[in-house]
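Observations on chain architecture
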Amino acid sequence: LKWLPCAIELGFEVILVCNGCLDNSFKLLETFLNSTSSENTKLLEIKEVGPGQARNTGLKMSSGKYTVFWDADDLGDPSNLLEAIKESRTADVVIGRYSVTSAMINPPTAKPQQIPNADLNAFALNPGLWRCIFLTSSIKGIEFGESRMGEDQVFLSRFLATNPEINFSHQNIYTYTIEN
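Residues numbered from 1 in each chain as written. Predicted model: local features only at pLDDT ≥ 70, side-chain atom pairs only at ≥ 80, totals over all residues. Heavy atoms only, no water.

**What to know about the overall build of the chain**
- A count of helices and strands for the chain gives seven helices and eight strands.
- Taken over C-alpha atoms, the radius of gyration comes to 16 Å for the chain, in line with the 16 Å a tight globule of 180 residues would show.
- Considering only C-alpha atoms, the chain reaches an extent of 40 × 40 × 30 Å along its principal axes.
- Counting all 180 residues of the chain, 42% fall into the buried class.
- A separation of at least 24 residues holds for 73% of the contacts in the chain among residues at least 6 apart in sequence.
- Averaged over its 15 positive side-chain charges, the chain has a centre that lies 2 Å from the centre of its 21 negative ones. (Helix = DSSP H or I, 4+ residues; strand = E, 2+ residues; numbered from the N terminus. Rg over C-alpha atoms; globule rule 2.2 N^0.38 Å. Buried < 20%, exposed > 50% of the residue type's maximum accessible area, 1.4 Å probe, protein only. Contact = heavy atoms within 4.5 Å. Lys, Arg positive; Asp, Glu negative; His and termini not counted. Charge placed at Lys NZ, Arg CZ, Asp CG, Glu CD.)

Have a look at this one:
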């Protein structure tokens, strides 16, 4: 709920997929979305558990020009994402910078990661799907694996096999939470 109002204000298409939620996440999101006038936001609930299935479901429903995959326990930055897109309009994927915060630190502090620009080897060591901004047309037909771990590496390897144009951005588009 921290980044969603900004994404709505910027006119982003947002597809929220609750997959196998055992808490009140769906109801909380439904209540929030009912209080907004966003026509670009869809909320889905699926029975399948696992991030790959949720991402495959969302991707099939997407119609936006760009696609990102963000998890509920982390924090995206829609404004910086928009800037990264403006910097690299022609790429199949733009890889942004990110920060890491610990849920164990009170108050949490985000530490930016120093990612070498235009360094695909560094990305290979720490791929982080959540910092990739995909041109949607470049990933249509590519699916995530069904396992509960490593599904993003399966997707990235399938995507990279298409020999995409890759650009790197200095924009920090995501805060990843550890020890959550």
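**Things to note about the pairing of strand E1 (residues 14-19)**
- Where E1 and strand E2 (residues 41-46) come together, six bridges link them in parallel fashion. In the strand pairing of E2, Ile 15 is matched with Lys 42.
- Handedness of the crossover joining E1 and E2 through helix H2 (residues 25-34) is recorded here as right-handed. (Pairing = 2+ DSSP bridges. Right-handed = clockwise from strand over helix to strand, strands pointing away.)

**Observations regarding the nonpolar core**
- Ranked by size, the top nonpolar core spans 23 residues in total, and within it Trp 3, Leu 4, Val 14, Leu 16, Leu 81 and Ile 133 carry the most contacts.
- Only helix H1 (4-9), E1, H2, helix H4 (78-87), strand E5 (93-102) and strand E8 (166-178) provide two or more residues apiece to this core.
- Residues in contact with Leu 4, not counting those within four places in the same chain, are Val 14, Leu 16, Leu 29, Phe 32 and Leu 33.
- Formed by 15 residues, the second largest nonpolar core is a distinct cluster that contains Phe 69, Phe 123, Leu 129 and Leu 156. (Core = buried A, V, L, I, M, F, W, Y, C linked by side-chain atoms within 4.5 Å.)

**Considerations on the packing of aromatic side chains**
- All chains considered together, the criterion is met by 11 aromatic pairs.
- Both rings, one in Phe 69 and one in Phe 144, keep their centres 5.0 Å apart while their planes meet at 80°; by these two values the pair is edge-to-face. With Phe 69 in the loop between strand E3 (66-67) and strand E4 (75-76) and Phe 144 in the loop between helix H6 (136-139) and helix H7 (151-160), this residue pair connects regions lying 75 residues apart in the sequence.
- Judged by its relative accessible area of 2%, Phe 144 is buried.
- Consider the rings of Tyr 98 and Trp 130, whose centres lie 4.9 Å apart with planes at 75°: the pair is edge-to-face. Here Tyr 98, found in strand E5, pairs with Trp 130, found in the loop between helix H5 (120-125) and strand E7 (132-135); they are 32 residues apart in sequence, far enough to count as distant. Here Tyr 98 and Trp 130 have matching classes, each one buried. (Phe/Tyr/Trp six-rings, centres within 6.5 Å; stacked < 30°, edge-to-face > 60°.)

**Comments concerning the pairing of E5**
- Counted residue by residue, E5 has 10 buried out of 10 residues, so it is predominantly covered.
- Relative to E7, E5 runs antiparallel, the two being bridged by three bridges. When the bridges of E7 are listed, Val 94 appears paired with Ile 133.
- As defined by bridge partners, E5 adjoins E8 across nine bridges and the pair is classed as parallel. Each residue of the ladder has a partner; that of Ile 95, found in E8, is Phe 168.

**Points about the pattern of salt bridges**
- Within this structure, the stated rule accounts for six salt bridges.
- With its nearest N and O atoms 3.7 Å apart, the salt bridge here joins Lys 27 to Glu 30. Of the two residues, Lys 27 and Glu 30 both sit in helix H2, three residues apart, roughly one turn of that helix.
- The partner of Glu 83 in a salt bridge is Lys 86, with the nearest N and O atoms 3.6 Å apart. (Salt bridge = Lys/Arg side-chain N within 4 Å of Asp/Glu carboxyl O.)

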